[in-house]
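Survey of secondary and tertiary structure
Letter by letter, the chains look like this.
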There are 2 protein chains.
Amino acid sequence: MKKITKYIIKNSLKRIFLYRASLVRLKMMGVEKVFSYTLANETGVTSDQVRKDFSEFRIKGNKRGGYEINELLGNMEEIFHRNKDHNIVLIGMGNLGLALSKYSKFVQRNMNVVATFDIDPFKQKMRSDLPVYSMGRLKEIIDRFKVKVAILAVPEISAQEVTDELVRVGIKGIVNFAPVLLKVPADVIVNNVNLCDELESVIYCVHKMIKADGLKNIELLYRDMKY
Amino acid sequence: MKKITKYIIKNSLKRIFLYRASLVRLKMMGVEKVFSYTLANETGVTSDQVRKDFSEFRIKGNKRGGYEINELLGNMEEIFHRNKDHNIVLIGMGNLGLALSKYSKFVQRNMNVVATFDIDPFKQKMRSDLPVYSMGRLKEIIDRFKVKVAILAVPEISAQEVTDELVRVGIKGIVNFAPVLLKVPADVIVNNVNLCDELESVIYCVHKMIKADGLKNIELLYRDMKY
DNA sequence: TGTATTTTGTGATTTTTTTCACATCAAACT
DNA sequence: AGTTTGATGTGAAAAAAATCACAAAATACA
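Basis of the calculations
Residues numbered from 1 in each chain as written. Chains lettered and ligands numbered in written order. Predicted model: local features only at pLDDT ≥ 70, side-chain atom pairs only at ≥ 80, totals over all residues. Heavy atoms only, no water. Near = heavy atom within 4 Å. Polar contact = N/O pair within 3.5 Å; in protein donor to acceptor, adjacent residues only side chain to side chain. Axes fitted to C-alpha atoms, helices over the stretch in contact; angles between N-to-C directions. Helix = DSSP H or I, 4+ residues; strand = E, 2+ residues; numbered from the N terminus. Parallel < 35°, antiparallel > 145°, perpendicular 65-115°, else oblique. Contact = heavy atoms within 4.5 Å. Nonpolar A, V, L, I, M, F, W, Y, C, P; charged D, E, K, R; others polar. Buried < 20%, exposed > 50% of the residue type's maximum accessible area, 1.4 Å probe, protein only. Pairing = 2+ DSSP bridges.

This paragraph deals with the protein's contact with DNA strand D. Around DNA strand D sit 26 residues in total, of which Ser36, Arg51, Gly61, Lys63 and Arg64 of chain A are the nearest. The sugar and phosphate moieties of DNA strand D supply 62% of its atoms located within 4 Å of the protein. In this structure, a phosphate oxygen belonging to DNA strand D sits 2.8 Å away from a side-chain N or O atom of Tyr37 of chain A. Thr46 of chain B places a polar side-chain atom, nitrogen or oxygen, 3.3 Å from a phosphate oxygen of DNA strand D.

This is how it looks when you write it as structure tokens:
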């Protein structure tokens, strides 16, 4: 129906995240240099793939010498704009929203949840470490902190309505935890995280594997879960 | 380094989840029948793709008549073994674990968290609606409830250690929320849900888009976020 | 009952992604 | 210094995935 022309990104991006996770671990273990096959072994891809992905993102190593972990991590920081601070807002302070608001890893990666919002801010305020505002103050806060990305953790029934509001006030990216397909303009990115689907797909693969039992098909199943 | 031969699954599986989400919504709106292009429009893929995916999973419609939503949902229940109940355990009752233990959607889809585990079960017990056990009782509970799949929400520092234990007691699938790459035998499925990565990839795409600004590249970026 | 219309289902084709393979370079060793 | 060794980087080849395109089937309607 509609043709989409190639640009960049694709699975490479997801694999870059994998590589980085692996690099962080290796660094912690005191390793300083890696080869493409080191990363390959760690992450379960081929060494060619690692090099191709790096090539895609213009990441260079030294022939024979492999890659300096620190340099590599630096490259990746660059790619993900980790040098800059990113202000985020979080909408919906139910159980999940609350947990996300306390998730310390975001801060460690320079992603700061500057404010949270809820229909009933007073009820949630006491449980939260962060300020909880009513939706009425969304525009004010977003403008003040130049927020471009929001985490959406509201009940599915109000997800679309809240999304429309987010789009209206200028949000350009949404990580959506509500199990609904949001309608947004073409210039707004939505990344759906569907917890049920994640669990269900594991159940599916486990079943499939138990049934297939053989060792032949396992690799692909495994592979498919990862990227 | 290693060759992986085709079997089944691939992105189709992820898209099936998309279709289902869309079908559930349409059904709620009172719709009873869909055509491949209805689903295509709803989910942002092409109608050919929808039909190809269905073909992959042996889902049949009627020529000219399209697909009966109920029948389609039935097919998908079949695919995901939704008719059966699935017992799950949840390891790690920190903020995230607690939120997941209260996540009502799992139950709605026949996935029951039958027990939770934590290093310090007594501290967590009062906040939880579900039983919280110490890790020592893992094998007993898993055997009793025939659990094959676990949700891992422990700190990254103990993730591998806990995983080893899970594998030892016979767990075959893990949804891992710790931002580490777990080492598991080939017959154990790991599905990593990395909250930082999800957020970061949105930030990445938003940046990319603001920079590219044009309308030409937007579609692909959007697409890549979804599947 | 027959014809027109519309949508499925799937081989054939095109595009994208992955893998292969090798020239190229840098270090290590003699 | 020269030679050997071992890893990168990248075009070329292969494989996989998406799109096209059309025959087959089912409905609607005359």
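Picking up where we left off.
Moving on: the packing of helix H1 (residues 11–28) of chain A against helix H2 (residues 36–43) of chain A. All names here are of chain A. Running from N to C, H1 and H2 point in directions that differ by 100°, and their axes come no closer than 10 Å. In terms of orientation, H1 and H2 fall into the roughly perpendicular class. For the pair H1 and H2, contact is made by Leu18, Tyr19, Ser22, Leu23, Arg25 and Leu26 and by Leu39, Glu42 and Thr43, respectively. Residues of the contact of H1 with H2, tallied by class, amount to five nonpolar, two polar and two charged.

This paragraph deals with the environment of Ile69 of chain B. All names here are of chain B. Assignment of secondary structure puts Ile69 in helix H4 (residues 69–79). Since its relative accessible area comes to 1%, Ile69 is described here as buried. Separated by 45 residues in sequence, Ile69 and Val24 have C-alpha atoms that sit 8.5 Å apart. Discounting residues that sit within four places of it in the chain, Ile69 has contacts with Leu23, Leu26, Lys27, Val31, Glu32, Lys33 and Val34.

Let us now look at the sheet that holds strand S3 (residues 86–91) of chain B. Residue and element names in this part refer to chain B. Strand order in this open sheet of six strands is S5-S4-S3-S6-S7-S8, and the pairing throughout is parallel. Taken across any chain shown, the strands that pair with only one partner, and hence form the sheet edges, are strand S5 (132–133) and strand S8 (189–192). Here strand S4 (residues 111–117) pairs with S5 via two bridges, running parallel. For Thr116, the partnering residue across the bridge sits in S5 and is Val132. Sheet strands in contact with helix H8 (residues 138–145) are S3, S4 and S5, and its direction is about 165° off that of S4. Each of S3, strand S6 (149–152) and strand S7 (173–176) is contacted by helix H9 (residues 156–168), which is oriented at about 170° to S6, the strand it contacts most.

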